[in-house]
Amino acid sequence: MTSSPDDATWTEETFLSEGVACAARVYRPAGTATTPAPAVVMAHGFGGVRALRLYAYAERFASAGYVVVVFDYRGFGESAGTPRQILDVSMQHQDWRAALAFARSLDAVDALRVVAWGTSFGGGHVISVAGQGEPLAAIIAQVPHVSGPAALRATGVRASLRVVGLGVRDQVAALLGRAPVHVDLAAEPGQAAAMTSPDALPGMNRLIAESGLSASDYPTSVAARITLKIGWYSPKRHASGVTCPALIQIADRDAITPRRVALATAARMGDPTVLTYPCGHFDPYVEPLFEQVVTDQLDFLREHVPANPERD
């Protein structure tokens, strides 16, 4: 057991998703309470791992009285699963459902007050699972992916075509039982990568550096087959099914998740709180925006899923 700021503690635990062990860091608030606490379950975006700044959010939530579960998807980070770096939407949705079930099973958690927190691609996942009927007290979707076609348009035809060949090669490799063909998560404009907007590679590099990591700590690539499917993944289709309170945080200058489509998606939800920020896709994770973004998340949680006030 390890201490975090304000004496919150965390432990490394695991849960099973379709028989595969997923790594989960569980934060528990300081002190004791007479009733179980609400929980926030968190995961990253496209090819991301929990060590990329998610702990900074988790510490703030735990300090405010929430149990927090931060997990890695199968095949990523500290989770088990082979082959590695396979980004499959349906598998990650199942990982989310397994993580939420795990959080509800914890003794310190009020199973009726569980919040799903996702960012970027993971923001799209929490919209999808909530819209498909997962019982949640609330969701927080930070700069969420909401539309496959819109993401492709924002990326541009030329940039998208550069990775198609890699995607086809990887899909053929999968059919033949061979090792995956990978594509970089981010690269300079004009290169072959999943994200090639001008802010993508600098944003990814800063996210790694601000997390106290180096580029060699975790792979910064995914199996390229996802590039053939990303255009079909549109969480906005499930937005009308999101009836719980939802905080949707949108970057005005988002070159990866267009602002207009994100606003339209939020408008379909039953109880949305929509906040926009004058920044790009990678800016909410780090200062000077991080403090405002996480404060807004805490304000939303206190309003809709308040933590227990009677902790010692």
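Preceding block: the structure.
Residues numbered from 1 in each chain as written. Predicted model: local features only at pLDDT ≥ 70, side-chain atom pairs only at ≥ 80, totals over all residues. Heavy atoms only, no water.

1. Remarks on the overall build of the protein
Then comes step 1: Scanning the protein from N- to C-terminus turns up eight helices and 11 strands.
Then comes step 2: Expected size for 312 residues packed as a compact globule is a radius of gyration near 20 Å; at 18 Å, the protein falls within 12% of this value.
Then comes step 3: Referenced to the eigenvectors of the C-alpha coordinate spread, the extents of the protein come out at roughly 60 × 40 × 35 Å.
Then comes step 4: Here the protein holds 312 residues, and the buried ones make up 56% of them.
Then comes step 5: Of the contacts made within the protein by residues no fewer than 6 positions apart, 73% connect residues no fewer than 24 positions apart.
Then comes step 6: Looking at the protein as shown, the accessible area adds up to about 12,500 Å², and 54% of this sits on carbon and sulfur atoms. (Helix = DSSP H or I, 4+ residues; strand = E, 2+ residues; numbered from the N terminus. Rg over C-alpha atoms; globule rule 2.2 N^0.38 Å. Buried < 20%, exposed > 50% of the residue type's maximum accessible area, 1.4 Å probe, protein only. Contact = heavy atoms within 4.5 Å. Areas by Shrake-Rupley, 256 points an atom, 1.4 Å probe, with all protein chains shown as cover.)

2. Some remarks on the packing of helix 1 (residues 54-63) against helix 8 (residues 290-304)
Then comes step 1: Axis separation between helix 1 and helix 8 bottoms out at 11 Å; the angle between their running directions is 40°. The orientation of helix 1 with respect to helix 8, classified from their angle, is oblique. Handedness of the crossing formed by helix 1 with helix 8: right-handed. Contact residues: helix 1 offers A56, Y57, R60 and F61, while helix 8 offers F290, E291, V294, T295, Q297, L298 and L301.
Then comes step 2: In terms of residue class, the contact of helix 1 with helix 8 is made up of seven nonpolar, two polar and two charged. (Axes fitted to C-alpha atoms, helices over the stretch in contact; angles between N-to-C directions. Parallel < 35°, antiparallel > 145°, perpendicular 65-115°, else oblique. Left-handed = near helix turned anticlockwise from the far one by under 90°. Nonpolar A, V, L, I, M, F, W, Y, C, P; charged D, E, K, R; others polar.)

3. Some points on the nonpolar core
Then comes step 1: Judged by nonpolar contacts, the single largest core of 104 residues is most densely connected at M42, F61, W96 and I139.
Then comes step 2: Among residues more than four places away in sequence, those in contact with I139 are V115, A116, V126, I127, A130, V242, C244, P245, A246, L247 and F300. (Core = buried A, V, L, I, M, F, W, Y, C linked by side-chain atoms within 4.5 Å.)

4. Some points on the side chain of S147
Then comes step 1: You can see S147 is positioned in the loop between strand 7 (138-142) and helix 4 (148-155).
Then comes step 2: For S147, a relative accessible area of 4% corresponds to the buried category.
Then comes step 3: A polar atom in the side chain of S147 sits 3.1 Å from the backbone nitrogen of A150.
Then comes step 4: Leave out the neighbours within four places in its chain, and S147 touches Y233, S234, P235, K236 and V261. (Polar contact = N/O pair within 3.5 Å; in protein donor to acceptor, adjacent residues only side chain to side chain.)

5. Side note on the environment of L52
Then comes step 1: Here L52 shows up in the loop between strand 4 (37-43) and helix 1.
Then comes step 2: Residue classification places L52 among the buried residues on the basis of a relative accessible area of 9%.
Then comes step 3: Taking the C-alpha atoms as reference, L52 lies 20 Å from V89; in sequence the two are 37 residues apart.

6. Some words on the pattern of salt bridges
Then comes step 1: The tally for this structure, following the rule as stated, stands at 14 salt bridges.
Then comes step 2: R28 is the partner of E13 in a salt bridge, and the nearest nitrogen-oxygen pair spans 3.1 Å. Placement of E13 in strand 2 (residues 9-17) and of R28 in strand 3 (residues 20-28) is noted, with a sequence separation of 15 residues between them.
Then comes step 3: On the accessibility criterion, E13 (23% relative accessible area) is partly exposed.
Then comes step 4: Between D299 and R302 there is a salt bridge, with its nearest N and O atoms 3.5 Å apart. One end of the pair, D299, and the other, R302, are both in helix 8, three residues apart, so they sit about a helical turn from each other. (Salt bridge = Lys/Arg side-chain N within 4 Å of Asp/Glu carboxyl O.)

7. Considering helix 5 (residues 157-175)
Then comes step 1: Between the first and last C-alpha of helix 5 there are 27 Å, a value that for 19 residues agrees with the 27 Å anticipated at 1.5 Å per step.
Then comes step 2: Along its length, helix 5 reaches its greatest deviation from straightness, about 25°, at V164.
Then comes step 3: Residues A159, S160, V163, L166, G167, D170 and A173 constitute the buried set of helix 5.
Then comes step 4: Considering only its buried residues, helix 5 is in contact with helix 4, strand 8 (182-184) and strand 9 (221-223).
Then comes step 5: Taken from the residues just after helix 5, G177 is the one with a positive phi, measuring 75°. (Expected span 1.5 Å × (residues − 1). Bend = angle between axes of the 7 residues up to and from the residue.)

8. Brief notes about the environment of L298
Then comes step 1: Tracing the backbone through its elements, the reader meets L298 in helix 8.
Then comes step 2: The exposure class assigned to L298 is buried, which follows from its relative accessible area of 5%.
Then comes step 3: For L298 and A64, which are 234 residues apart along the polypeptide, the C-alpha to C-alpha distance reads 7.9 Å.
Then comes step 4: Residues within four places of L298 in sequence aside, it is in contact with R60, F61 and A64.

9. Focus: unusual backbone geometry
Backbone geometry follows two general trends: most residues other than glycine have a negative phi, and most peptide bonds adopt the trans configuration.
Then comes step 1: Between T82 and the following residue, P83, the backbone shows a cis peptide bond with an omega angle of -5°.
Then comes step 2: A cis amide bond, omega 10°, links E287 with the succeeding residue P288.
Then comes step 3: Looking at the secondary structure, you find P288 in the loop between strand 11 (271-277) and helix 8.
Then comes step 4: A positive phi angle, near 65°, is found at Q85, a position not held by glycine.
Then comes step 5: Looking at Q85, the relative accessible area reads 4%, which means it is buried.
Then comes step 6: Positive phi, normally seen in glycine, also occurs at S120, with a value near 55°.
Then comes step 7: With respect to the secondary-structure elements, S120 resides in the loop between strand 6 (109-119) and helix 3 (121-131).

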